[in-house]
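In case you want the letters, here they are:
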Amino acid sequence: MSDWLLLCAKSRKRFAELILCVVSIGLMALLSGCGGSGSSLPSNPGPNPQSSGLVSGTVTDINGAPIVGATVTIAGQSTTTTQEGDYQISNITVPAGQNSAIYVVRASKVINGQQWSGQNTIEILNGDSFTSNANVVMSPTSTQATLSGTVRDTNGNPLIGARVFVAPGPVTDQQTGGQYFTSLSSFTAYTDTNGNYTIPALPTLTANGTPTTATYTATASFAGYINQTFTNLTFTAGSNSQLNFTLSPGGSSTLPAITGFDADAFTVPQVATRAANATRLQRAYQAIKNYILKKQGLADHRAPDPRKVVLRYALHTRSAPAGSIVECDLFWDYQQVPNLLGFDILRSPNDNVHFSSIALLRDPLGDRFADQDPSLTPDTIYFYSVAPVDTINFPQNGQEGQPTTPIQVSPLDPINVLSPVSGQTVSATPTLTWTSVSAAGQYTVLVYNQFPDYQSDTNGVNPILQQITSSTSYTITSPLPPGTYYWTVIAQYTPPSSNVGYAFSVSPIGSFVVP
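Focus: the pairing of strand β20 (residues 262-269)
Inference 1: With eight of eight residues buried, β20 is to be regarded as a mostly interior element.
Inference 2: Residues Asp 262, Asp 264, Phe 266 and Val 268 of β20 are buried on one face, and the alternating residues Ala 263, Ala 265, Thr 267 and Pro 269, pointing to the opposite face, are buried as well.
Inference 3: Relative to strand β35 (residues 502-506), β20 runs parallel, the two being bridged by four bridges. Looking across to β35, one finds that Asp 264 is bridged to Tyr 502.

Encoded structure:
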């Protein structure tokens, strides 16, 4: 196997020059978070008018496989997950006179005759025009566990609006030694006026239905206080465990450097959600993307979720070529840091100096960010960096630690399969051809003997043939048995140095028949 899809264990040098992006103090003040586990926070004496926001996210199983066709409900509004398990619901309101409002995001679906469900929390800020991101992890309802407890200060007073994060892991990467969490999304709760929290719907089984051997990590975080973290937690189906946190005020504001920072760019076909077989195609492209991530050793790194992320950009008109979706994924190692509030995500489309903050990831368990800004465009160079944010001085001083050395990524142009035409009858040793992609150094041909989507939303289909070539054609040499076959081509740009990220472009899925 070529090293094109192996994990790039890049050693990064720290910044020689500071490229901190100063975060708006006004926005940071809104993000400090205060109280309530119901649908809204306590009244704010200021004359804030009613506002509304857009909530989007992804629904997955505990292993990160997308759940397509799940029903997602927020504040009485419902939709169905579509593209790669994604959903979007608009007009989620913050009542007049309140800083923000907290809502529960619920997802449900029947899979193989069994009821699956999941939920998480989302906070919408008053007057915030940005998109809030809330991911939901689903599992069989009958096998879930619940965690509840209190978050108080050292005097026993309840901390209202403290956040509790729970995630399975961390595990240690055997190649790099870095740690990461194993589900696409963590579970989150906010404490009420008595400092109480509850996190239901914790999975106790793997996606394959076997008891999970993973342990959980739980962290409580509140601005101005030192985090408290518990590790090696275990849960059983139907259990209701208690876990209480006591947070100390003050402490050091020094933050360690982020390690293991890496980035990839993906260009994949866009699927019309109303088209025939849309669900199967969406699952298939996500499966192929996960195939790439697994070969790089990055598949288990999870994405950030509920109200831990505030996107600093509004949704734009897509400037990527019609029919394609561009995404840049960032990865780094998890570190247990007692004064870590989260991460500031920085991006520059022009150079590695003039960065803008595109997202605030308020999650001390975070180890990944997916930039899905619709304005991302192939053949454009983007620079990314990540800076840790200090919980002690947040939000008054907007304190940040040293940003990572920037990584440059450039999404590839779309790639298309040419021949055989889908459904064409061919010989047992057909020649497959596709379009060239500028900047791509090699192509990987994948051939399947069944459609390569997630079976039952959880398990991917493995290819029967994998071939790497620098050409735009490949002739299959070992005769294929009679049957229907599916194929796709992945174009790859391999970076020349450690401060440049990989880029991949996935072709539409073709088919052919061997009589």
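So much for the structure itself; the text now carries on.
Regarding the packing of aromatic side chains
Inference 1: For the coordinates displayed, the defined rule picks out 10 aromatic pairs.
Inference 2: With 6.0 Å between their ring centres and 5° between their planes, Tyr 502 and Phe 504 make a pair best called stacked.
Inference 3: Since its relative accessible area comes to 0%, Phe 504 is described here as buried.
Inference 4: One aromatic cluster is present, formed by Tyr 197, Phe 230 and Phe 245 through successive ring pairs.

A few points about the sheet that holds strand β33 (residues 473-475)
Inference 1: If you trace the three strands from one edge of the open sheet to the other, you get β28-β30-β33, paired in antiparallel fashion. Two strands close off the open sheet at either side, each with one partner strand: β28 (417-419) and β33. Taking each pair of neighbouring strands and ignoring which way they run, the sheet shows an average axis angle of 25°.
Inference 2: Relative to strand β30 (residues 431-434), β28 runs antiparallel, the two sharing two bridges. Bridge pairing in β30 links Ser 419 to Thr 433.

Comments concerning empty space enclosed by the protein
Inference 1: In this structure the tally under the stated criterion is two cavities of 30 Å³ or more.
Inference 2: If you add up the space inside the largest cavity, you get close to 90 Å³.
Inference 3: In terms of lining, the largest cavity is formed by 13 residues, of which the most central are Ile 258, Gln 335, Val 337, Leu 340 and Phe 343.
Inference 4: Residues belonging to the lining of the largest cavity are distributed by class as follows: 10 nonpolar, two polar and one charged.

Topic: unusual backbone geometry
Inference 1: For the peptide bond that leads from Gly 169 to Pro 170, omega is 5°, which places it in the cis range.
Inference 2: Mapped onto the elements, Pro 170 comes out in the loop between β11 (163-168) and β12 (171-172).
Inference 3: Looking along the chain, the bond that leaves Ser 419 and enters Pro 420 is cis, with omega of 0°.
Inference 4: In this structure, Pro 420 sits in the loop between β28 and β29 (424-425).
Inference 5: The phi dihedral of Ala 75 falls on the positive side, at around 50°, and the residue is not glycine.
Inference 6: Note that Ala 75 resides in the loop between β2 (71-74) and β3 (77-80).
Inference 7: Judged by relative accessible area, Ala 75 falls into the partly exposed class, the value being 48%.
Inference 8: Despite not being glycine, Asn 91 has its phi angle at roughly 60°, a positive value.
Inference 9: Checked against the element boundaries, Asn 91 lands in strand β4 (residues 86-94).

What about the nonpolar core?
Inference 1: Among the nonpolar cores identified, the biggest contains 44 residues, and Leu 330, Trp 332, Ile 345, Tyr 384, Trp 434, Val 447 and Phe 512 are the most heavily contacted of them.
Inference 2: Top element by residues in this core is strand β34 (residues 483-493). It accounts for four residues.
Inference 3: Excluding anything up to four places from it in sequence, Ile 345 contacts Leu 330, Trp 332, Ser 356, Ser 357, Ile 358, Ala 359, Phe 369, Ser 385 and Val 386.
Inference 4: Formed by 24 residues, the second largest nonpolar core is a distinct cluster that contains Ile 62, Phe 222, Leu 243 and Leu 247.

The rules behind each value
- Residues numbered from 1 in each chain as written.
- Predicted model: local features only at pLDDT ≥ 70, side-chain atom pairs only at ≥ 80, totals over all residues.
- Heavy atoms only, no water.
- Buried < 20%, exposed > 50% of the residue type's maximum accessible area, 1.4 Å probe, protein only.
- Helix = DSSP H or I, 4+ residues; strand = E, 2+ residues; numbered from the N terminus.
- Pairing = 2+ DSSP bridges.
- Phe/Tyr/Trp six-rings, centres within 6.5 Å; stacked < 30°, edge-to-face > 60°.
- Axes fitted to C-alpha atoms, helices over the stretch in contact; angles between N-to-C directions.
- 1 Å grid on protein atoms, 1.4 Å probe; cavity = no way out; pocket = protein on both sides within 12 Å on 5 of 7 lines; lining within 4 Å.
- Points joined across faces, edges and corners; volume = space filled by probe spheres on them.
- Nonpolar A, V, L, I, M, F, W, Y, C, P; charged D, E, K, R; others polar.
- Core = buried A, V, L, I, M, F, W, Y, C linked by side-chain atoms within 4.5 Å.
- Contact = heavy atoms within 4.5 Å.

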